[in-house]
Amino acid sequence: MLRIALATAVAAFTLDEDMDPLRAACAQAGVTAQRVAWNDPTVSWQRFDAVLLRSTWDYTDQLPAFLQWCERVSAQTQLINPLDVVRWNTDKRYLGELARAGVPVIETHYLSLADAPDDFPGFAEFVLKPTVGAGSRGARRFVADEREQAVAHASALQTQGHEVMVQPYLAQVDSAGETALLYFAGAFSHAIRKGPLLPRGSAATRALFAPEQISARQPSDAELAVAERVLDALPFARPLYARVDLLPSPDGPRLLELELTEPSLFFDTAAGAAPRFVAALCDAISTDILHRTATTG
Ligand SMILES: Nc1ncnc2c1ncn2[C@@H]1O[C@H](COP(=O)(O)OP(=O)(O)O)[C@@H](O)[C@H]1O
Ligand SMILES: [Mg+2]
């Protein structure tokens, strides 16, 4: 019987809505699944056949510690998604790499810690957010007249040790929402609509994640095509789970972010999604165990 750890964060224990459907699907498949906080020092990770990253949402303020933990887990058992994927995906500079590979990404300007906090072009309306972020934390929307506040926000993020990214605000999200496409084992599973999250003039959220309006959505052909292009442009094979978040623009769908680390998978919005995920998960773990057995003798 497979034994897996579902890695979460203490603060996310009651917030991760995927946990119940996931645990139910694991039980159904005969998999022993245990929910554990990633930074719980009492956990012995080698007891598990695999550690599945789920809702480790508090890593954004302690990325080096989180990556060290991922490294440690990888040395002891199978980490899903794997270490190289997580390393690449936890800093949104990957958007620049995907843009260079020809993926339609939202225009993005980066400010490193050493850059002046006002070193970004003017936009009628724009978003400023940390390059290492989740749950909309640190993300704020500004109009051109508020540039002074925006620069102060950039500077505050830099002081907290966060590199910064600036994007034009894609206003179609206000009516059409965001589309997130879920892929399991490289194949499309389901999609959702997420309502807009940055009301004009509001402060950044102080919660673990800003409250989200989620509903099932049929993606357009254009959205499916962009998601495929994103997954084809990865510098590694398609991982077990991927969530492609797109915003509408006058020029078609644009990549907002690609979640390969700790995405909500919105199991409850699509019949059969959790069992489908667990089947793919069991395949990945069994393949890895066979491979390890073969290579270690
Ligand atoms: N360029 C943008 N245009 C419009 N809305 C945006 C933009 N960037 C971020 N947002 C809004 O802020 C939310 C959080 O930003 P996102 O880049 O997804 O960061 P996080 O990793 O925190 O989820 C998005 O879901 C979207 O509603
Ligand atoms: Mg997001």
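Predicted model only: the values in this text are computed from it and were never measured.

(A) Quick look at the site of ligand 1. Lining the immediate environment of ligand 1, one finds 18 residues, of which Lys92, Lys129, Ser136, Glu178 and Glu257 sit closest. For ligand 1, an oxygen atom lies 2.6 Å from a polar atom in the side chain of Lys92. Burial of ligand 1 by the protein amounts to 97% of the accessible area it has alone, namely 540 Å². If you map ligand 1 onto the pockets, it falls in the largest pocket.

(B) Structural context of unusual backbone geometry. The step from Ile80 to Asn81 runs through a cis peptide bond, and the omega angle for that step is -10 degrees. Structurally, the position occupied by Asn81 is in the loop between strand S4 (78–80) and helix H3 (83–89). Look at Ala185: it is not a glycine, yet its phi comes out positive at around 50 degrees. Structurally, the position occupied by Ala185 is in the loop between strand S9 (178–184) and strand S10 (187–194). Its relative accessible area of 52% is what places Ala185 among the exposed residues. Despite not being glycine, Phe266 shows a phi value in the positive range, around 55 degrees. Among the secondary structure elements, Phe266 is positioned in the loop between strand S13 (254–259) and helix H8 (273–295). In this structure Phe266 comes out as buried when scored by relative accessible area, which is 10%.

(C) How the structure looks around the packing of aromatic side chains. Applying the stated criterion to the full structure yields 17 aromatic pairs. With a centroid separation of 5.3 Å and 90 degrees between ring planes, the pair formed by Trp88 and Phe236 is classed as edge-to-face. Taken together, the residues span a long stretch of sequence, with Trp88 in helix H3 and Phe236 in the loop between helix H7 (221–232) and strand S12 (241–247) at a distance of 148 residues. Phe236 shares its class with Trp88; the two are buried.

(D) Structural context of the nonpolar core. Core analysis: the largest hydrophobic core is formed by 53 residues, its most contacted members being Trp45, Phe66, Trp69 and Phe277. Elements supplying a minimum of two residues to this core: strand S1 (3–8), helix H1 (19–28), strand S3 (50–55), helix H2 (63–76), S4, H3, S9 and H8. Among the elements that line this core, the one with the most residues is H8, at eight residues. Viewed by domain, this core spans two of them, domain 1 (3–88 + 267–295) and domain 2 (94–259), each represented by three or more residues. In this structure, Phe66 is in contact with Trp38, Leu53, Thr56, Tyr59, Val86 and Thr261, ignoring residues within four places of it in sequence. Leu98, Val105, Leu181 and Leu234 belong to the second-largest nonpolar core, a separate cluster that totals 24 residues.

Basis of the calculations
- Residues numbered from 1 in each chain as written.
- Chains lettered and ligands numbered in written order.
- Predicted model: local features only at pLDDT ≥ 70, side-chain atom pairs only at ≥ 80, totals over all residues.
- Heavy atoms only, no water.
- Near = heavy atom within 4 Å.
- Polar contact = N/O pair within 3.5 Å; in protein donor to acceptor, adjacent residues only side chain to side chain.
- Areas by Shrake-Rupley, 256 points an atom, 1.4 Å probe, with all protein chains shown as cover.
- 1 Å grid on protein atoms, 1.4 Å probe; cavity = no way out; pocket = protein on both sides within 12 Å on 5 of 7 lines; lining within 4 Å.
- Sits in = over half its atoms within 2 Å of the grid points.
- Helix = DSSP H or I, 4+ residues; strand = E, 2+ residues; numbered from the N terminus.
- Buried < 20%, exposed > 50% of the residue type's maximum accessible area, 1.4 Å probe, protein only.
- Phe/Tyr/Trp six-rings, centres within 6.5 Å; stacked < 30°, edge-to-face > 60°.
- Core = buried A, V, L, I, M, F, W, Y, C linked by side-chain atoms within 4.5 Å.
- Domains from an automatic or database assignment.
- Contact = heavy atoms within 4.5 Å.

What is shown is where atoms sit, not what they do.
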